[in-house]
Amino acid sequence: MDDEIAEAAGSREPTEFKKAPRRAVASGWVGSALEYYDFFVYATAASLVFPDVFFPKGNPKLAIIESLATYGVGYAARPLGAFFLGRWGDKHGRKNVLVACMLTMGCATFGVGLLPTYAAIGYLAPILLVILRLIQGFAVGAELSGASAMIVENSPFGRRGYYASYTLQGTQGGQLIAAGVFLPLYFTLSTSAMDSWGWRIPFLLSSIVVIVGYVIRRKVDETPAFKEEAAGGEIPKNPVYEAIRLSWPNMVRVICISLMNGVATLATTFGGTFATNAAYGVGMNTKLYLFIPVIGNAIAMVLIPYIGSLSDRIGRRPCIIVGSLGAGILAYPYLYFIGQDNVPLTIFFAVLMWGCIYQGYNAVFPSLFQEMFPTRTRVSSFAIAQNIGVLITAFLPSTYAAIAGPTPAACVANKKFLPNAIVNGTTCSHLAMGVHTHVLWVVGSITLGLAILSAIAAFTAKETFMIHLNDCGEEWAQPVSAEEYAKARLAAVA
């Protein structure tokens, strides 16, 4: 087939089997988009709908914390999913684990759409919600590691960063679809209709996700690197143990670099709650705020392949370091303009922070993390370490709501902020101003701190873009010469 390429005999790339980069990219992109559509439909609903649907009314701060905590619970299950599914991917192949992830995720998301609300069954509703969120998290635990392994192990030497970036372009596409499904619902349905049944539609659509994703992923061949490992009898009996024993320093680095997910949770989850929930006293229109993930993801999808390609020319580390520090700094103006209820500048800085600068990290980490580990433990090492890092950031939205929480319950009536109400001798509008300042410095500083730690971890990592795939993850691995790499890139681009 036209898509198939063969590496030169004697190369330190897999040579026994042909690579199929375009088919791998198509599978990785579509599969990641569909699976992360499911995951981020929940994130959108958790910040905009679930506080009023699945939790008791009367204490808006508690409802916000509880709703955002259920969002974080999904991330709590991801390391467990990474352990079991990552191990499966290293023992039985990348293709098999990706199909399993897709089926499990789709069924759990569909189940959320069928759940009765708190008004119908009381506390059993949030309990069932948490159980399904745990299943979602388990399913997505090996998605990124498996999909990016599928692509990297099919990519020609010199173009791994470019091709692997499409994995994250797929996840951004999934977020874009999730926001795009919610937008017409918010514009066409009343608030009562949205709270009663409209929110269910995006979840029930996951039935289509299951069918489409299964068909696409079943048609993709296993990667040449894994087939060579299997043919040579080199598949480890316990890849998780071997990963921790041999690659723990790089796993620690991946955990720290993955703390950059704090920017994504700020932009997609806590930011939405801060801007639109009446208890914070900002009062930004929910319909307008939904345009932030739409615009940000649309721009990110355009930028990601270019940044991935840039990392093939200048290296992985510079892109991640600049992306981390830049996005961390921009958290301050983003939060400031939310507090000012300045919609145009909120959208501008959200898009600049998350849709643009953050992509220096987002577009490049799939290739860097894959290249930091050997083929025999690649999926397990990536999945476990990355999901531990993401878990650390997952409960940040609920933590922010607790330590930089909204105004007292007396400041809200019928989901409307009461600026002139008096609480302990102070107007609610004055209390809200203090809350906004507190959010700016507490949440902004935590976000920047995580970004700095991510950049330091990336700086200490070995540069990997000029190392052949069969040597990746080995302590003795050395990059090829600049001249040899330039020739390889020229051939790969051609």
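Residues numbered from 1 in each chain as written. Predicted model: local features only at pLDDT ≥ 70, side-chain atom pairs only at ≥ 80, totals over all residues. Heavy atoms only, no water.

### Topic: the state of the cysteines
- For the structure on display, the rule yields one disulfide.
- Here Cys 411 is linked by a disulfide to Cys 428, with a sulfur-sulfur distance of 2.0 Å. Across the disulfide from Cys 411 to Cys 428, rotation about the S-S bond amounts to roughly -85°, and the bridge is consequently left-handed. Taken as a pair, Cys 411 in the loop between helix 23 (396–403) and strand 1 (412–413) and Cys 428 in helix 24 (residues 428–460) lie far apart in primary sequence, 17 residues in all.
- The class of Cys 411 is buried, set by a relative accessible area of 0%.
- Its sulfur unpaired, Cys 107 is 13 Å from the next cysteine sulfur, which belongs to Cys 101.
- No disulfide involves Cys 472; its nearest neighbouring cysteine sulfur is the one of Cys 319, lying 17 Å away. (Disulfide = S-S within 2.5 Å. Helix = DSSP H or I, 4+ residues; strand = E, 2+ residues; numbered from the N terminus. Buried < 20%, exposed > 50% of the residue type's maximum accessible area, 1.4 Å probe, protein only.)

### Some points on the pattern of salt bridges
- Within the structure shown, the criterion is met by twelve salt bridges.
- For Glu 463, the salt bridge identified is with Arg 317, shortest N-O distance 3.8 Å. Of this pair, Glu 463 sits in the loop between helix 24 and helix 25 (482–493) while Arg 317 is found in helix 18 (residues 316–339), placing the two residues 146 residues apart along the sequence.
- Members of the salt-bridge network, linked through shared partners, are Asp 90, Arg 94, Glu 153 and Arg 378. (Salt bridge = Lys/Arg side-chain N within 4 Å of Asp/Glu carboxyl O.)

### Description of the packing of helix 5 (residues 94–113) against helix 12 (residues 206–218)
- Two elements in contact, helix 5 and helix 12, have axes separated by 8 Å at closest approach and are oriented at 175°. The angle between the axes of helix 5 and helix 12 places the two elements in the roughly antiparallel class. Between helix 5 and helix 12, the contacting residues are Lys 95, Asn 96, Leu 98, Val 99, Met 102, Leu 103, Gly 106, Cys 107, Thr 109 and Phe 110 on the first element and Ser 206, Ser 207, Val 209, Val 210, Gly 213, Tyr 214, Arg 217 and Arg 218 on the second.
- Tallied by class, residues from the contact of helix 5 with helix 12 come to nine nonpolar, six polar and three charged. (Axes fitted to C-alpha atoms, helices over the stretch in contact; angles between N-to-C directions. Parallel < 35°, antiparallel > 145°, perpendicular 65-115°, else oblique. Contact = heavy atoms within 4.5 Å. Nonpolar A, V, L, I, M, F, W, Y, C, P; charged D, E, K, R; others polar.)

### Here we look at a nonpolar patch on the surface
- On the surface, Leu 103, Trp 197, Ile 201, Leu 205, Ile 208, Ile 211, Val 212, Tyr 214 and Val 215 cluster together into a nonpolar patch covering about 750 Å² of accessible area.
- Per-element tally for the nonpolar patch: the top contributor is helix 12, with five residues.
- Its relative accessible area of 32% is what places Leu 103 among the partly exposed residues. (Patch = residues over 30% accessible without salt bridge, like charges linked within 9 Å, V, L, I, M, F, W, Y side chains within 5 Å. Areas by Shrake-Rupley, 256 points an atom, 1.4 Å probe, with all protein chains shown as cover.)

### Structural notes on the packing of aromatic side chains
- In this structure the tally under the stated criterion is 22 aromatic pairs.
- Geometrically, the ring pair formed by Tyr 336 and Phe 337 is edge-to-face, given 5.0 Å between the ring centres and 80° between the ring planes.
- A relative accessible area of 39% means that Tyr 336 is categorised as partly exposed.
- Ring centres of Tyr 361 and Phe 365 lie 5.0 Å apart, and the angle between their planes is 20°; this geometry places the pair in the stacked category.
- The class of Tyr 361 is buried, set by a relative accessible area of 2%.
- Take Phe 365: its relative accessible area is 3%, and that puts it in the buried class.
- Pairwise contacts between aromatic rings join Tyr 358, Tyr 361, Phe 365, Phe 369 and Phe 382 into one cluster. (Phe/Tyr/Trp six-rings, centres within 6.5 Å; stacked < 30°, edge-to-face > 60°.)

### Quick notes on the side chain of Thr 109
- Position of Thr 109 relative to the elements: it lies in helix 5.
- Reaching out from Thr 109, the side chain makes a polar contact with the backbone oxygen of Met 105 at a distance of 3.0 Å.
- Not counting residues up to four positions away in its chain, the partners in contact with Thr 109 are Asp 38, Gln 136, Phe 203 and Ser 206. (Polar contact = N/O pair within 3.5 Å; in protein donor to acceptor, adjacent residues only side chain to side chain.)

### Description of the environment of Ile 347
- Relative to the helices and strands, Ile 347 resides in helix 19 (residues 343–357).
- Overall, the relative accessible area of 18% leaves Ile 347 in the buried class.
- On a C-alpha basis, the gap between Ile 347 and Tyr 289 in space is 7.9 Å, while along the polypeptide they are 58 residues apart.
- With residues near it in sequence (within four places) discarded, Ile 347 still touches Leu 288, Ile 292 and Ile 295.

### A look at the environment of Ile 211
- Within the fold, Ile 211 resides in helix 12.
- Among the residues examined, Ile 211 registers a relative accessible area of 58% and is labelled exposed.
- Sequence separation between Ile 211 and Gly 106 is 105 residues; the distance between their C-alpha atoms is 8.9 Å.

Treat this as a map of the structure, not an account of what it does.
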